[in-house]
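Topology and contacts: notes
In case you want the letters, here they are:
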Amino acid sequence: MKDLRMDIQQTLAQLDSLFQQGAYDQVEPFMLDHIAQAEAVGDKGGVLSLLNELMGYYRSTSRYKDSLATASKALGLLEELGLKDSLHYATTLLNIATAWRADGQTQRAIGVFEEVGRLFLTLGVQDAFLVATLYNNLALAWQAAGDHAKAVQFLEAAIPISRGSPNADHDVAVSLTNLAQSRLRLGQLPEARAALEEADRLFSGLPRPSGHHGAAIAALGEVCFQEGRTAEAVAHYERALADIEARYGKNQWYADMLESLALVLEASEPDRSARLRDEAAAVAAALRPQLRGMALARQYYEAMRGALFSDYAPIAHRIAVGLVGHGSECFGFDDERSRDHDFGPGFCVWLNDADYAAVGKQMQADYDRLPPEFAGFPARQASPRSGQRVGVFSISAFYQEFLGAAALPQSDADWLQIPEPLLACATNGEVFADPAGEFSRLRQALLAYYPDGIMRRKLAQAVARMAQSGQYNLPRALQRDEPAAALMAQAEFIRQTSTAIHVLNRRYTPADKWLVRSVGTLPTLAGLHAPLTQLARTPAAEAVPLIEEICAAVLQALIAQGFSQAGDTFLEAHVDSILGNREG
């Protein structure tokens, strides 16, 4: 019988070729396609190899949830193959822990890394690369947790192992840079300088430049500045600036480096220092339109989590962080105009009731001491009636604000008494970290949408009102020369169509000002955003043909989802089918 399994080495070589060509947009489709091919022929070994590649790709592109979902699939396959205690299982766990670490879920990552270490010992793993990878990642996790002494311990174990591997200069240089960062935090300046000078030499000797080199040069500048070697510090920061600009352009890292250089020159060259600060502000300002509120919140969290959470290690595995709730940035709709109020660096911290009672007030005080300005953005300017939108919350109190209760709705009446825009606020935004999953458990239950009976009633009501306002009232108002009635019918049709589209997507409707815009973000019928916008600009006397086009598209979606069947183009004729009162 012919072996249908794919040649995994050839497939991996093709994958490497895509990376070398810079064809990054083809990488994910290539892997997903070949995973599907391997699954189709039962090649579980090929599937496993490609899943490990895919989870690494997702992690490197900061798609941590995708990376973890892929890793979960790989673990399930390993268990299915009876390989739970194998090296493959251990390396997959290593990838999972690395994704947790990159996603900011430090304590969870450390626990999994330690489990990997126990497996390595049990299996007698001798692979230097794997052991060094484990130690390096544990070191980075302990750095994130604020324990630089432990970070040094693991880096000092990793570096000799890496030195013994061929072509390891780059990995050694990266580890030395990380080691120096921890030694800096511990005040061990001579040791930090020695590590960075070696890292600089190793990076300089590589056949191809490394994106990590700038970090080593900048850290050398910091060491020299702390040692009082101002001229050397200036030279290193200038090198780092040139490296960053050549490799990445004038990005936020470049702006931060200008600030560092300005600080070094503050006493000796105040005029140049002031010019550098102005340039840093200009670079940051130029980047601001590219940085939306959600990205700003995530970057602020990434930069501040060490300072905020270092004293809360015992409960770190129960702290959830993200940005959810009121505000255009939570929906992804913020722009320059929306930044005049309730906008700026900030994120939400959610604690369970017991932790909030124990440390909530102190953590809020610590949060309030974080730098209010970040990435060129000024401090948040809260409007008088906005209430608390960022900072430290108990999970129950946070949800109570939106649901009217700390628990999930239990009955249809419970669901219907919650204004739908509040449900939209309770489920928008992003959760950056939630190792215990308590905040996300409630969130996912809400994201599951209304019970079926309520969903059908809401859909039927919106469809009926679409028919009534757009297909019936508008033409009759025009016939009667009632322009005000026609205009109101046209507006009502836009509102009800947007509502129906949200129901078809099982998404809660936001406040009116975002209702139509939100349509364009939904998977189903997003293409109706443009016609609805066009309809809003169309005189009522010319609106009927466009309304019928929109109704036809909604009807097709109703049929596709099994709510009705082809027939009458008047939408009200489909209401009973939507409600399930008759077959349709």
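Just above sits the structure.
These lines cover the structure that appears in this document, whether it is placed above or below.

Rules of the game
Residues numbered from 1 in each chain as written. Predicted model: local features only at pLDDT ≥ 70, side-chain atom pairs only at ≥ 80, totals over all residues. Heavy atoms only, no water. Helix = DSSP H or I, 4+ residues; strand = E, 2+ residues; numbered from the N terminus. Contact = heavy atoms within 4.5 Å. Areas by Shrake-Rupley, 256 points an atom, 1.4 Å probe, with all protein chains shown as cover. Lys, Arg positive; Asp, Glu negative; His and termini not counted. Charge placed at Lys NZ, Arg CZ, Asp CG, Glu CD. Buried < 20%, exposed > 50% of the residue type's maximum accessible area, 1.4 Å probe, protein only. Arc of directions from axis to C-beta. Pairing = 2+ DSSP bridges. Axes fitted to C-alpha atoms, helices over the stretch in contact; angles between N-to-C directions.

**Quick word on the overall build of the protein chain**
When its secondary structure is counted, the protein chain shows 27 helices and four strands. A principal-axis box enclosing the C-alpha atoms of the protein chain has dimensions of 85 × 75 × 50 Å. In the protein chain, the proportion of contacts linking residues at least 24 apart, taken out of those at least 6 apart, comes to 65%. When the accessible area of the protein chain is evaluated, it comes to approximately 27,800 Å², of which 51% is carbon and sulfur surface. Both charge centroids of the protein chain, one from 52 positive and one from 70 negative side chains, sit 2 Å from each other.

**Quick notes on helix H21 (residues 438–447)**
Buried residues of H21: Phe439, Ser440, Leu442, Arg443 and Leu446, and no others. Down the axis, H21 shows its buried residues gathered within 160° of arc, on one side only. Of the surrounding secondary structure, the elements contacted by the buried residues of H21 are strand E1 (320–323), strand E2 (348–351), helix H18 (395–403), helix H19 (412–416), helix H20 (420–426) and strand E4 (430–433). A positive backbone phi angle near 80° is found at tyrosine 449, which sits one or two residues after H21.

**So, the sheet that holds E4**
In spatial order, the strands read E3-E2-E1-E4; together these four strands make up an open sheet with mixed pairing. Looking along the sheet, the strands with just one partner apiece sit at the ends: strand E3 (391–394) and E4. Within this sheet the neighbouring strands show an average axis-to-axis angle of 35°, counted without direction. Note that E1 and E2 share three bridges and pair antiparallel. By the bridge assignment, glycine 322 is partnered in E2 with cysteine 348. Strand contacts of helix H15 (residues 293–309): E1, E2 and E4, with the helix running at about 25° to E4, the strand carrying the most contacts. Running over the sheet, helix H17 (residues 353–368) touches E2 and E3 and is turned about 170° from E3.

**Here's the deal with the environment of asparagine 52**
With respect to the element layout, asparagine 52 can be found in helix H3 (residues 44–60). Filtering out sequence-adjacent residues up to four positions away, asparagine 52 remains in contact with Thr92 and Asn95.

**Some details on unusual backbone geometry**
Notably, tyrosine 449 is not glycine yet its phi reads approximately 80°, a positive angle. With respect to the element layout, tyrosine 449 can be found in the loop between H21 and helix H22 (452–479). Phi is positive for aspartate 481, which is not a glycine, with a value near 55°. Relative to the helices and strands, aspartate 481 resides in the loop between H22 and helix H23 (483–504).

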